[in-house]
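# Descriptive analysis of the structure
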Amino acid sequence: MNQVNSFEVDNLVIDFALDNAIFNRKYMRAVNGVSFHIKAGEALAIVGESGSGKSTCARAMARMYEPNAGAICLDKKDINDKHEHLSQEELAKQVQMIFQDPFGALNPVHTIRHHLYRPISIHMPHLKGEAIEDYMLEVLERVGLSPAQQTASKYPHELSGGQRQRVAIARAVSTGAKFILADEPISMLDVSIRLGILNLMTDMKSDGIGFLYITHDIATARYFAERTGVMYVGHLVEWGDSDSVTQHPQHPYTQLLISAVPEVGRKRSAEPRDYSKNQIPLWTPDSKGCPFALRCPKVEAKCHSEMPGISQISDDHFVRCFAYKSE
Amino acid sequence: MNQPLLSITNLCVDYVTDTGNARAVNDVSLDIYPGETVGLSGESGCGKSTLAFAIANLHSAPALITSGNINFEGQDVLSFSKEQLRQFRWSKASMVFQSAMNALNPVITIGEQLIDVVLAHESCSLKQAIKRGEENLQLVGIHASRMQSYPHQLSGGMRQRVVIAIALILRPKLIIMDEPTTALDVVVERDIMDQLYHLKKEFGFAILFISHDLALMGEITDRVGIMYAGKIVELGQTDKVMTSPQHPYTKGLLRSFPTIFGPKKRLEGISGHPLNLLEVPQGCYFQARCDLCETICKNTMPQLRTLSADNHRFVACHKVEGE
């Protein structure tokens, strides 16, 4: 399975235990019935507020969590299938993660060379000795860390935040991974550095790498990703082509998110909103209805009892909301 | 124009390290007028938070205020005695820090933390203090029954509102806000900013707003200063700075943010890395990252000059037409 082209998540459900009770253990449902797919050479952005389950999805895709229901398929093969038994090594060769904190992601007592040497020697067994070094320098050059020879001998504390995040990206691509799960890769970086990292990832897309880009910044989602999905309390509420989702949002939550993005010269609303309506529900396996019903301006009676089905708005734009009526 | 509320002149703050002094705030002058919202922006390490700390004279070693003056209503903040400082902090100028999560004491209730401020500064009964605490919580949209809650029982947005309530409770004339919404998501950020706007209209305090989010800055501030490597490189009315930036660094910063509505095109941002303050070059600090860099930029440090087209606009760049 060298040429993987799709990474699919189908009806993913993940529960977390809230206590350690032996009987009647209580659970929260962090991810509920989420489906999406990433294609090679394409980026999918998942946008949502803290606690909406976006990182949980990414971690499940890297097999850090086992799903309670649903399937995660690399080229139609379920990565959790007991019979197929995909080893961690095989999975890691295809799927790599980049984390938010470039300071915590690298081991401070090892050089950059050490960080890259290990994944390369494990995942590229045909490379030996000098060839590993050459390949490593090539990867470092590719992520813009030149002179590579010098960078390789440095320790993480000698690099800036942006350079460290580039090392993290170099480590992810050095295995030849086809899919990179990037969990808020730029939110801890300096503003002047962020764009460089986004542009680097954009260039990697043209090399055929697919990205899952997790963010709460909807403007960079539109900038970097071809497709965007919006999550709210474990549910994917709207997804599709990034331009379509951001320019013509249909779900009331997406509309709220976009109206909240600061913009130069925008005028304040006359009256502050009613903050008592800002309740975010704790979703449990027994919860019913649409999670946004408590805050939704267009709420109807049935919103509290059933989750809306999927409505297709255009070729690549879907929404789960009763308020959307197709003309 | 009337007298400035706060006037900072030629302030320098150094961090003393083993390998030399790093000048985090370098010859900064800034006036804040009553009721005005002034923004300070720039990337991490440009000295904006250091400047904010200096205003309340909060610096302790290894940070050292080496020169300059800070005047608050005509009084020199840097020459205050301990007792004068204690009275000045919070009743005249209060602060809202970046991480509300850490600004509140986790083992006492938020009610106690609100009352504590009142009792420390004013002579009033406990009953009155509690009443004022409750009123102020309601001002920021939190129910008075929450006085009994501990910080961990509140969401991030609510905690940040509590911190704002504590900052407001003595009705200071200036509130310094150091990245107040950075840790929050956009919807909560919007709510807090809306609320702040209404509180400001009601009480008329001035705000020094520190953030790296230029879009947010453009929305709420009257004037904005852009800092790079400890120096203010551009200062002016917010709408004008945003629509016609003059300094190459301001231009680069504004280019670094993808917009949500505008055309979608590849942005280039600013090349290179932030300056290491221990190895400052001769001449302009921005020279290594600047496209317009010439010989003069490498030799002489540009001074803040008034722009010929706009006398409220100051730019420190050799390549910009000044008076």
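Not measured: the values here are computed from a predicted model.

## Considerations on helix 4 (residues 130-142) of chain A
Residues and elements named next belong to chain A.
- The terminal C-alpha atoms of helix 4, which comprises 13 residues, lie 18 Å apart, in line with the 18 Å expected from a rise of 1.5 Å per residue.
- All of the buried residues along helix 4 are M136, V139 and L140. Across the axial projection of helix 4, the buried residues extend over an arc of 100 degrees, all falling on one side. Among the exposed residues of helix 4, those oriented more than 90 degrees off its buried face are E130, A131, D134 and E138.
- Residues of helix 4 that are buried sit in contact with helix 3 (112-123), helix 5 (148-152) and helix 6 (161-174).
- Just beyond helix 4, the residue with positive phi is G144, at close to 80 degrees.

## Regarding the interface of chain B and chain A
- At the junction of the two partners, chain B supplies 35 residues and chain A supplies 32 residues.
- Looking at the side of chain B that touches chain A, the elements that each hand over two or more residues are helix 7 (186-203), helix 8 (214-220), helix 9 (238-243) and helix 10 (248-255) of chain B.
- Residues belonging to the side of chain B that touches chain A are distributed by class as follows: 13 nonpolar, 11 polar and 11 charged.

## Focus on the domain arrangement of chain B
Residues and elements named next belong to chain B.
- Here the domain parsing of chain B yields domain 1 (6-92 + 172-271) and domain 2 (105-170).
- With 14 residues of domain 1 in contact, the opposing surface of domain 2 contributes 13 residues.
- For the side of domain 1 that touches domain 2, the elements supplying multiple residues, two or more each, are helix 2 (82-91) and helix 7.
- Considered class by class, the residues forming the side of domain 1 that touches domain 2 number 10 nonpolar, three polar and one charged.

## Digging into unusual backbone geometry
- Phi is positive for A:K76, which is not a glycine, with a value near 75 degrees.
- Classification of A:K76 by C-beta neighbours within 10 Å gives exposed; the count is 10.
- In the Ramachandran plot, B:D27 falls in the positive-phi region, its phi being about 55 degrees despite a non-glycine side chain.
- Turning to its location among the elements, B:D27 is positioned in strand 2 (residues 20-32).

## Regarding the sheet that holds strand 12 (residues 310-315) of chain B
All names here are of chain B.
- An order of 6-7-8-3-9-10-12-11 is seen for the eight strands of this open sheet, with the pairing classed as mixed. What marks the edges here is a single partner per strand, and that holds for strand 6 (93-96) and strand 11 (305-307). Along the sheet, successive strands turn relative to each other by an average axial angle of 20 degrees, direction set aside.
- Where strand 3 (residues 37-41) and strand 8 (residues 206-210) come together, four bridges link them in parallel fashion.

The rules behind these values
- Residues numbered from 1 in each chain as written.
- Chains lettered and ligands numbered in written order.
- Predicted model: local features only at pLDDT ≥ 70, side-chain atom pairs only at ≥ 80, totals over all residues.
- Helix = DSSP H or I, 4+ residues; strand = E, 2+ residues; numbered from the N terminus.
- Expected span 1.5 Å × (residues − 1).
- Buried ≥ 20, exposed ≤ 12 C-beta atoms within 10 Å, placed from the backbone.
- Arc of directions from axis to C-beta.
- Contact = placed C-beta atoms within 7 Å.
- Nonpolar A, V, L, I, M, F, W, Y, C, P; charged D, E, K, R; others polar.
- Domains from an automatic or database assignment.
- Pairing = 2+ DSSP bridges.
- Axes fitted to C-alpha atoms, helices over the stretch in contact; angles between N-to-C directions.

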